[in-house]
Amino acid sequence: MSQKMTGAQAVLESLKREEVDVVFGLPGGVLLPLYDAIYQSDIRHILVRHEQGAAHMADGYARATGKVGVCIATSGPGATNLVTGIANAYMDSVPMVAITGQVNTWLIGKDAFQEADITGITLPITKHNYLLRSAKDITRVFREAFFIARTGRPGPVLIDLPRDVTVDEVEFSWPEVELPGYRPSFKAHEMQIKKAAKALMEAERPVIYVGGGVKYARAERELIELAVKINAPVTTTLMGVGCFPEDHNLSLGMLGMHGTKYANYAIQESDLILAIGARFDDRVTGKIASFAPRAKIVHIDVDPAEVSKNVRVDIPVVGDAKNALQGLLKEVKPKGRSDWNEKTEGWKKDYPLRYIPDMNIIKPQYVIEKLCEIAPDAIITTEVGQNQMWAAQFFVHKDPQKFISSGGLGTMGYGFPAAIGAKIGRPECDVIDVAGDGSFLMNSQELATAVVNEIPVKVAVLNNGCLGMVRQWQELFFDKRYSATILGRTSPDFVKLAEAYGAVGLRATKPSEVESVIRAAMAVDRPVVMDFIVSPAEKVSPMVPAGATLSEILELEWCDADQYCHLEKIYAQGRKEILGQEGF
Amino acid sequence: MKHTIAVIVENKSGVLTRIAGLFSRRSFNIDSLSVGATDNPDYSRMTITVNGDRDILEQVIKQLSKLINVIRVSELDASESVERELAVIKVNADKESRSEIMQIVNIFRAKIIDVSHRSMIIEVTGDEEKIDAIVQLLRQFGIKELARTGKVSMVRGARVIKA
């Protein structure tokens, strides 16, 4: 039965049909009719304090729940403030629908007040976008947008909503999705599965290399089953962290620039790489010409354009990771333990992730270890830089929906709003944002959002008084010229900052205080900022210098004289490449 | 290496921008692009000439196929298809040169579509080489203005590229 309603009401009805229970947004002039409809509906609206926060919250919500996240911003500056958040979601294939207000249709193109061509601006950072010109298209476009956002390789879709379109009356209808140009792949080709299975059976030194695609396909169970069945070690990208339990004896942890030595050695020595839902990013492969020189490459990906984009693939399998893994499981026969297992496990023993503990000064890695000990099942979100790498390295991850980090775009300021979104999606979980003193300030205004809406997220600021990752590169590659990276103690007092917003602030300055601060933070049901005053000199280790081969991975604190000379040589090369085109 | 691809797209505003934007941000080089209606008013057809090796062509086709408004992408093998381009050329032509130009026009089976005291406009269709050749010959008289459509292409025989 059809029903007359305003465009704004049709938007709300569409959201309801798409089972959206929460939206993150901030109103504005052209959004008055939409917000009036929100006021009269039962949808939960989380008012943010900056639109970038809304986009990251929708993103964190989506990653923690697997559902489509929704954010709303007004025309012009509201919409452009979403841009970083949309780009972030695009790079990490996060299902999201962004709704922006737009000036009245008759004013579009006239440089009206608060007008920005947001569909033009977001063209390269959305999976698709729409500028609505008529209220009668609302329901069709919303239905398509959610369908596009969540299917195939997920991604953000933006809908630009002119003011008059939300005011006009329309008969409500809910048309089926008809998109002749959109046919996301799902079922993997049987012949390719057979070829992949044969290659896996023949391989003597296989490595399974897993990215975010396994998480989005919810294929963790199949992955574990396959790895165990054929006794193949598994390494994950940053986006894949948690897809394979890191306490499993077949786990090699993360690979790449700041991955484990043993994962990188295994990749370089392997004779077969089974890549699943991963895209051979430059942070993963190191020098591409010498990446896994002896390996045949099997690549399972839902996006055909990823096949042979960065490395030449021998056996492509285009399809959903879960579907392809189920197919592979039927084809492969069990394989016992081999010399290869002995070898990789030997590397694991010989080259563990480690740091030099200290009795007097807090080591950031120690904070992460303690977080893991006290809250092993918490959702961890991260900012970007050293804090992110330590959170990936020293927390034992077992669930991909519980490690939420900005991988592709590397957005500082992501982790805190993402934590708020994750907590709203999974209120039963503890949520901790591992932050730095640099990145936390980029969206710390969302403390107001957390306090007002009573969202008890915890922030662990690893306060080292610098923009640590860039400082680390300056130390290694720019002769310790610390250009614009030393914050010293010029950052605000984070305890007082938290208190100013009505949140709880706690501080630890000595290693002996770390545990009690974390326990106190986890015990209160309010937003908490923990300020850990950590060693400023600490570097993320191990490290593959930019442009080096993965096996040239070095532990920065444990170099002997020989290694040091080698390091210098690689650094000289790295420096050249940085000053040229590649690298940082 | 030049490749020709036919792209069937939805006839909606902004589609050309999406395609042009894709080419520029992925650093693919377009040599020529032409677009126009098909027999179905819902769809347009683009003919795009791309410069690059096999890997680049493969990426171009895959990335284009990912666009929601793109219905179909096909590579057109030059040896199995007919290709045409149209050019209009305004060339200096006075009493002395006019007849010589007309001879060239006849040889190329081109047409004169405008004549004045000092110039004329020539219309010519053909494949890229033919147009390059007539342009080269007319250059001696002084070309005042030149406009080319970019090529359109179609597979010979029964094979059909449609939505």
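Predicted model, so just to flag it, every value in this text is computed and none were measured.

**Quick notes on the overall build of chain B**
On a plain count of helices and strands, chain B comes out with 4 helices and 9 strands. The order of α-helices and β-strands along chain B, N terminus first, is β-α-β-β-α-β-β-α-β-β-α-β-β. Projected onto its principal axes, the C-alpha positions of chain B cover 55 × 30 × 30 Å. Considering chain B as a whole, with its 163 residues, one finds that 42% of them fall into the buried category. For chain B, restricting intrachain contacts to residue pairs at least 6 apart in sequence, the fraction spanning at least 24 positions comes to 74%. Of the roughly 9000 Å² that chain B leaves accessible, carbon and sulfur atoms contribute 50%. The distance from the centre of the 25 positive side-chain charges to the centre of the 22 negative ones in chain B is 4 Å.

**Some words on the packing of aromatic side chains**
All names here are of chain A. Taken as a whole and assessed by the stated rule, the structure comprises 13 aromatic pairs over all chains. Here the aromatic rings of Tyr209 and Phe280 are separated by 5.1 Å at their centres, their planes lie at 65°, and the arrangement is edge-to-face. Separated by 71 residues along the polypeptide, Tyr209 in strand 9 (residues 206-210) and Phe280 in the loop between strand 12 (272-276) and helix 12 (282-285) bring together distant segments of the chain. Classification of Tyr209 as buried rests on a relative accessible area of 0%. With a centroid separation of 5.9 Å and 55° between ring planes, the pair formed by Phe440 and Phe494 is classed as tilted. Highlighted residues: Phe440 in helix 18 (residues 437-440) and Phe494 in helix 21 (residues 494-501), separated in sequence by 54 residues. For Phe440, a relative accessible area of 0% puts it in the buried group. A relative accessible area of 1% places Phe494 in the buried class. Following the ring pairs from residue to residue traces out a cluster consisting of Tyr265, Trp340, Trp347 and Tyr351.

**A word on the state of the cysteines**
Using the criterion set out here, one finds 0 disulfides over all chains in the structure. Here Cys429 of chain A is not disulfide-linked; the sulfur of Cys372 of chain A is the nearest cysteine sulfur, at 15 Å.

**Some details on the interface of chain A and chain B**
Across the contact, 19 residues belong to chain A and 16 residues belong to chain B. At the boundary of chain A with chain B, total buried surface from both sides reaches about 1500 Å², with 49% on carbon and sulfur atoms. The interface formed by chain A and chain B includes 2 salt bridges. Lys66 of chain B is paired through a salt bridge with Asp303 of chain A; the nearest N and O atoms lie 2.5 Å apart. At the surface where chain A touches chain B, the tally comes to 7 residue pairs in polar contact (both at pLDDT 80 or more). Across the side of chain A that touches chain B, the residue classes tally to 10 nonpolar, 3 polar and 6 charged.

**Let's talk about the domain arrangement of chain A**
All names here are of chain A. What the domain assignment lists for chain A is domain 1 (4-171), domain 2 (190-350) and domain 3 (364-533). Here domain 1 and domain 3 have C-alpha centroids that lie 29 Å from each other. With 24 residues of domain 1 at the contact, the number on the domain 3 side is 27 residues. Buried surface at the junction of domain 1 and domain 3, both sides included, amounts to about 1900 Å², of which 62% is carbon and sulfur. Joining domain 1 to domain 3, the criterion identifies 10 residue pairs in polar contact (both at pLDDT 80 or more). For the side of domain 1 that touches domain 3, the secondary structure elements donating two or more residues are strand 2 (22-25), strand 3 (44-47), helix 3 (51-65) and helix 4 (77-91). Here the element with the most residues in the side of domain 1 that touches domain 3 is helix 3; it accounts for 10 residues.

**What to know about the pattern of salt bridges**
Enumeration according to the criterion identifies 49 salt bridges over all chains in this entry. Measuring nitrogen to oxygen at the nearest pair gives 3.2 Å for the salt bridge that ties Glu373 of chain A to Lys370 of chain A. Of this pair, Glu373 of chain A and Lys370 of chain A both sit in helix 15 (residues 364-374), 3 residues apart, which is roughly one turn of the helix. Judged by its relative accessible area of 49%, Glu373 of chain A falls in the partly exposed class. Of the residues examined, Lys370 of chain A reaches a relative accessible area of 11% and is grouped as buried. Notably, a salt bridge pairs Glu75 of chain B with Arg54 of chain B, separated by 2.9 Å at the nearest N-O pair. Here Glu75 of chain B is found in strand 4 (residues 70-76), whereas its partner Arg54 of chain B is found in helix 2 (residues 54-66), with 21 residues between them in sequence. A single salt-bridge network, built from bridges that share partners, covers Arg153, Asp303, Glu306 and Lys309 of chain A together with Lys66 of chain B.

**Let's talk about the sheet that holds strand 4 of chain B**
Residue and element names in this part refer to chain B. With antiparallel pairing, the 4 strands of this open sheet are ordered in space as 2-3-1-4. This sheet does not close on itself; its edge strands, each paired only once, are strand 2 (29-37) and strand 4. Across the sheet, the mean angle from the axis of one strand to that of its neighbour is 20°, orientation sign disregarded. In terms of strand pairing, strand 1 (residues 2-10) meets strand 3 (residues 43-51) through 9 bridges, oriented antiparallel. Considered in strand 3, the bridge of Thr4 is made with Thr49. Relative to strand 3, helix 1 (residues 15-25) is tilted by about 15°, and along the sheet it contacts strand 1, strand 2, strand 3 and strand 4. Contacts from helix 2 reach strand 1, strand 3 and strand 4 within the one sheet, and its direction differs from that of strand 4 by about 160°.

Cut-off values and rules
- Residues numbered from 1 in each chain as written.
- Chains lettered and ligands numbered in written order.
- Predicted model: local features only at pLDDT ≥ 70, side-chain atom pairs only at ≥ 80, totals over all residues.
- Heavy atoms only, no water.
- Helix = DSSP H or I, 4+ residues; strand = E, 2+ residues; numbered from the N terminus.
- Buried < 20%, exposed > 50% of the residue type's maximum accessible area, 1.4 Å probe, protein only.
- Contact = heavy atoms within 4.5 Å.
- Areas by Shrake-Rupley, 256 points an atom, 1.4 Å probe, with all protein chains shown as cover.
- Lys, Arg positive; Asp, Glu negative; His and termini not counted.
- Charge placed at Lys NZ, Arg CZ, Asp CG, Glu CD.
- Phe/Tyr/Trp six-rings, centres within 6.5 Å; stacked < 30°, edge-to-face > 60°.
- Disulfide = S-S within 2.5 Å.
- Buried area = accessible area lost by both parts, 1.4 Å probe.
- Salt bridge = Lys/Arg side-chain N within 4 Å of Asp/Glu carboxyl O.
- Polar contact = N/O pair within 3.5 Å; in protein donor to acceptor, adjacent residues only side chain to side chain.
- Nonpolar A, V, L, I, M, F, W, Y, C, P; charged D, E, K, R; others polar.
- Domains from an automatic or database assignment.
- Pairing = 2+ DSSP bridges.
- Axes fitted to C-alpha atoms, helices over the stretch in contact; angles between N-to-C directions.

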